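# Secondary and tertiary structure notes
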Amino acid sequence: MQLHISPSLRHVTVFPSGKGVREFIKVKVGGRRMSYRMLFYSLLLLTFLLRFVFVLTAVDTIDGESKYCSTIGCVGKRLGPRIWGRRLESLVPEDMYRILEEKGKEEVGRTDIPQTLEEFTAAMRTKKPDLKTFAIELRSMVNLMEQRTRSAKIQEYLYRHVASSSIPKQLHCLALLLANEHTNNANARLQLPPAELVPNLVDNSLFYHFVIASDNVLAASVVATSLVRNSISPERVVLHIITDRKTYATMHAWFSLHSLAPAVVEVKALHHFDWFTKGKVPVLEAMEKDKDARAKFGGGSLEIVKSSVNNNTHEKPYVMFPSLNKVVFLDDDVVIQTDLTPLWEIDLGGKVNGAVETCRGDDKFVMSKRFKSYLNFSHPLIKENFDPNECAWAYGMNIFDLEAWRKTNISQTYNYWLQQNLKSDLSLWQLGTLPPGLIAFHGHVQIIDPFWHMLGLGYQENTSLADAESAAVIHFNGRAKPWLDIAFPSLRPLWAKYVDFSDKFIKKCHIRAS
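Residues numbered from 1 in each chain as written. Predicted model: local features only at pLDDT ≥ 70, side-chain atom pairs only at ≥ 80, totals over all residues. Heavy atoms only, no water.

The protein is annotated in an unreviewed UniProt entry as Hexosyltransferase from Stephania yunnanensis. Under the UniProt heading Subcellular location (unreviewed entry), the entry covering the protein gives this text: "Golgi apparatus membrane". (UniProt positions renumbered as here; feature names shortened; annotations may be inferred.)

Dropping the structure here:
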């Protein structure tokens, strides 16, 4: 083959060698004379292309043979068999997988396992081991890290449990200061409510009645403050606060010294109800029998309300609010963010309890609760009477139609199942207030719009702030209570905004916003 370039550089002619007809290829070049600058740029472009091909091949090798990738090396991977002449096969030898899958007996008692990735890398560079040794060392280090992770998780759960079940020293301090104030300050012992407002406690026509059962004065104050502050007609709000004997002075002192006027506030302790004693209310027997049950049932529990509104263990049932037709129960770990008076307009359809379902929603951890989540369906008594897939419902913000309640046998049912649980050595359900409530109110629950009650703010912090702010009532159910150090920082401000951190009692006990 002969190559002929014309003097003007405008034509390039290729003459093939051989006999026969003389064929040639003529390539016409641009009309402009090729300069040294153009030749330089051509060489530069050629250099770039060569480097591009090199990078393409190198990245393709680094990416490996994964099915999905995001680099330009995927081009080589897709077209490799046809263009580059490669075979699509794993770059990791099978022996490596086999060694990693084996149970490592070599790790028992070893003290020289690398503790970090840096130590592992340095050791491998120094020893320059074969493939088997490399895989064994890698497996040992990963197994060690997994063991430490599991141990750390167990310790985290233990510490969180201790933190959630203990009384923080700040709250203990607050209780002591207020109890002392109740003893020494006449203003902390003022009648609640004042005598002229006592008739409002039983008025169904003009007032909206709310109930809080709690032994945590700081938590109760947030519920009460958020309720009144967000009410359109606070002068029509009546708040019945129920606590135990040891917390009564503390609770009374706080609400005497921190008026929520024009709302009406009543503070009563269990000992003010002379019928609320062991033997008359079976739940107290359960609490007396089992220490764990007592710990679970105590403090801010609806157990007080459920057991006392209507107790049919006597011929004449005891009723806590005999003159009221309807109340809204609020747990002490909730925050009210809107006016709740529209709850009185919800038609319960003759049912006793208006509540939010907990088996539907995006939050799988909180909103996936059914009866099987709480009751022991391996026990024949539970299996014969209930459906494991029946949807559960939430305590914490509930509408109770007391007139409808008095017409039912809910209290008898509740007490019967408490006795059955005692006879079965507390094996019918997990300890807590909700499982027996699910049984007692079975068939008496009217489902309401989930807008009224958002759950789970004490379980996990994946709840977005925007979603939480859009709910009427947010519930910090779970261990991460907003008054504890383990509270989720992103969600705690929704609760802390209703605490006056300039208050003298709050400041003395070093209770801070974060």
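Structure shown, so let's carry the discussion forward.
### Side note on the packing of helix H6 (residues 169–184) against helix H8 (residues 245–257)
For the pair H6 and H8, interaxial distance at closest approach is 8 Å and the crossing angle is 75°. By the angle class used here, H6 and H8 are roughly perpendicular. Residues Leu174, Ala175, Leu178, Ala179, Glu181 and His182 of H6 lie in contact with H8, whose contacting residues are Ala249, Thr250, His252, Ala253, Trp254 and Leu257. Looking at the contact of H6 with H8 residue by residue, the class counts come to 8 nonpolar, 3 polar and 1 charged. (Axes fitted to C-alpha atoms, helices over the stretch in contact; angles between N-to-C directions. Helix = DSSP H or I, 4+ residues; strand = E, 2+ residues; numbered from the N terminus. Parallel < 35°, antiparallel > 145°, perpendicular 65-115°, else oblique. Contact = heavy atoms within 4.5 Å. Nonpolar A, V, L, I, M, F, W, Y, C, P; charged D, E, K, R; others polar.)

### Focus: the state of the cysteines
Across all of its chains, the model carries 2 disulfides by this definition. There is a disulfide in this structure between Cys173 and Cys509, and the S-S distance comes to 2.2 Å. Its S-S torsion of about -80° marks the bond between Cys173 and Cys509 as left-handed, since a negative value means left-handed. Separated by 336 residues along the polypeptide, Cys173 in helix H6 and Cys509 in the segment after helix H18 (504–508) bring together distant segments of the chain. The disulfide partner of Cys359 is Cys391, and the gap between their sulfur atoms is 2.0 Å. One disulfide, between Cys359 and Cys391, carries an S-S torsion of -110° and so falls in the left-handed class. Within this pair, whereas Cys359 is found in the loop between strand S9 (353–355) and helix H12 (380–385), its partner Cys391 is found in the loop between H12 and strand S10 (397–401), the two being separated by 32 residues in sequence. Each member of the pair, Cys359 together with Cys391, is buried. (Disulfide = S-S within 2.5 Å. Buried < 20%, exposed > 50% of the residue type's maximum accessible area, 1.4 Å probe, protein only.)

### A short note on the sheet that holds strand S6 (residues 264–269)
Spatially, S6-S5-S4-S7-S10-S9-S11 is the arrangement adopted by the 7 strands of the open sheet, whose pairing is mixed. Sheet topology places S6 and strand S11 (445–447) at the edges, where each strand pairs with a single neighbour. Between one strand axis and the next, the sheet turns by 25° as a mean value, whatever way the strands run. Here S9 pairs with S11 via 3 bridges, running parallel. For Asn353, the partnering residue across the bridge sits in S11 and is Val445. (Pairing = 2+ DSSP bridges.)

### Points about unusual backbone geometry
For residues besides glycine, phi is generally negative; the peptide bonds are generally trans as well. Note the cis peptide between Leu192 and Pro193, where omega equals -10°. Within the secondary structure, Pro193 sits in the loop between H6 and strand S4 (208–213). Residue Ala261 is joined to Pro262 through a cis peptide bond whose omega torsion reads 15°. Checked against the element boundaries, Pro262 lands in the loop between H8 and S6. A positive phi is found at Lys128, a non-glycine position, where the angle reads about 45°.

### With respect to the packing of aromatic side chains
The geometry of an aromatic ring pair comes down to the distance between the two centres and the angle between the two planes. Here the structure, examined in full by the defined rule, presents 13 aromatic pairs. Ring centres of Phe386 and Trp417 lie 5.4 Å apart, and the angle between their planes is 55°; this geometry places the pair in the tilted category. Taken together, the residues span a long stretch of sequence, with Phe386 in the loop between H12 and S10 and Trp417 in helix H14 (residues 410–423) at a distance of 31 residues. Comparing Phe386 with Trp417, the two get one shared label, buried. Summarising the aromatic geometry, the rings of Tyr416 and Trp417 are spaced 5.7 Å apart at their centres and angled 85° between planes, so their arrangement reads as edge-to-face. Relative accessible area serves as the criterion here: at 44%, Tyr416 is assigned to the partly exposed category. Taken together, Trp393, Tyr395, Phe400, Trp405 and Phe441 form an aromatic cluster joined through their ring pairs. (Phe/Tyr/Trp six-rings, centres within 6.5 Å; stacked < 30°, edge-to-face > 60°.)

### What about the environment of Glu357?
Inspection of the secondary structure puts Glu357 in the loop between S9 and H12. Look at Glu357 and you get partly exposed, because its relative accessible area is 22%. Separated by 93 residues in the primary sequence, Glu357 and Pro450 place their C-alpha atoms 7.4 Å from one another. When residues no more than four places from it in sequence are discounted, the contact partners of Glu357 are Met367, Cys391, Ala392, Trp393 and Ile447.

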